[in-house]
Amino acid sequence: MKTIKASIIGFGSVGQGVAKVLLRKNEELRSMGLDIKVVAVADSKTSVVNMNGLDLAHVLERKVSEGIVGDANTTGHDIIRDVDHDLVIETTPTNINTGGVGLQNMIMAFNKKRHVVTSNKGPLALKYNELSALASKCGCAFRFEATAGGAMPLLNLVRDTLAGNEVISIEGIFNGTCNYILTRMMEEHATYELMLAEAQELGIAEKDPTYDVEGIDSACKLVILANAIFGMNVAYEDVHVTGISRITPEALMLAETNGYVVKLIGEVNRQRIQVAPRLVPKGHPLAVGGTLNVASLQTDLAGPVTVVGRGAGSVETASAILSDIISIYMN
Ligand code: HSE
């Protein structure tokens, strides 16, 4: 049995999802020979450490009842620096302007020779190449399936299942909030404002929903795909972005009458990275509804491959994080 000492840094929706999934899959993980012991959890205000392994059910309970995880005020960054462990699960809120604490946490983790698995898009959208180089230099694994499309398998699909293929282009829907708004405006002729409020209630919208509706979140995911899959060296500024906030119900109805749906489509290939609303014929593989994400890859050997899945959600995002953890330790 391999014992892995892990920390969960950031205990919002995704961090709590990871704790739930680790509890739920404990037996399966053990049967694979993996004993994942969470020795530290930090949220934005408090933290708790136990080198024998925390009782995650208790930590979750306390978070729900008291809004905190522990009594200490040691920060996640200090835990990464000072607590002896192997793996940092970095799930702090994303900041796509500066990278936020997530960026500092990842740098510290690599400098302390700890592997990083993350759902945090901001640091990768800003500093992917630097982080990746630092991880290699420090001999650490750096996995981030959850950052681009949540539970929809994409990065690991290309890395593992499509290994040996050249990916020529990727296009798809990378923001569940926009997809939800556009789908419901079209199907129920509801207003944009009402549908945005519903997406916020579902817990899938970013804290600042401008990031969703102006296409910024989709653009960040494309930057991650461009750097990680196409080996490019691009940043957010390199993406041509148009959001959905100016789309009128009339435009949607006109599209529908002509057999189309309107979708916020992200597209990346070696020549171009862009996010823009596009007309998609009904029945087309990219015409998925609700909060779903979809990605169609053009590859040289396998031809077109399309994947659909949930791009957000607590347990769904944790599923991608778990697959990264298993992948690190089973290889
Ligand atoms: N706000 C994002 C979305 C969350 O709506 O897809 C997942 O990155």
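Refer to the structure presented above.
Attention here is on the structure that accompanies the text. (Residues numbered from 1 in each chain as written. Predicted model: local features only at pLDDT ≥ 70, side-chain atom pairs only at ≥ 80, totals over all residues. Heavy atoms only, no water.)

## Side note on the sheet that holds strand β3 (residues 47–49)
In a beta sheet, neighbouring strands are held together by backbone hydrogen bonds and run either parallel or antiparallel to one another. In space, the six strands of this open sheet follow the order β3-β2-β1-β4-β5-β6, with mixed pairing throughout. Edge positions in the open sheet fall to β3 and β6 (142–143), since each of these has one partner strand only. Relative to strand β2 (residues 34–42), strand β1 (residues 2–9) runs parallel, the two being bridged by eight bridges. For Lys5, the partnering residue across the bridge sits in β2 and is Lys37. (Pairing = 2+ DSSP bridges. Helix = DSSP H or I, 4+ residues; strand = E, 2+ residues; numbered from the N terminus.)

## A look at the site of the ligand
Taken together, Lys121, Asn175, Gly176, Thr177, Ile204, Ala205, Glu206, Asp212, Asp217, Lys221, Gly311 and Ala312 form the complete shell of residues around the ligand. A distance of 2.8 Å separates an oxygen atom of the ligand from a polar backbone atom of Gly176. In this structure, Asp212 approaches the ligand through a side-chain N or O atom, which is 2.7 Å from a nitrogen atom. Across the complex, the protein chains shield 91% of the 260 Å² of accessible surface that the ligand would expose by itself. Counting only elements with at least two residues in the shell around the ligand, the list comes to α8 (176–188) and α11 (216–229). (Near = heavy atom within 4 Å. Polar contact = N/O pair within 3.5 Å; in protein donor to acceptor, adjacent residues only side chain to side chain. Areas by Shrake-Rupley, 256 points an atom, 1.4 Å probe, with all protein chains shown as cover.)

## Side note on the side chain of Ser218
By the secondary structure assignment, Ser218 is in helix α11. You can call Ser218 buried: its relative accessible area is 1%. Ignoring any residue separated from it by four or fewer positions in sequence, one finds Ser218 in contact with Phe174, Asn175, Leu264 and Val275. (Buried < 20%, exposed > 50% of the residue type's maximum accessible area, 1.4 Å probe, protein only. Contact = heavy atoms within 4.5 Å.)

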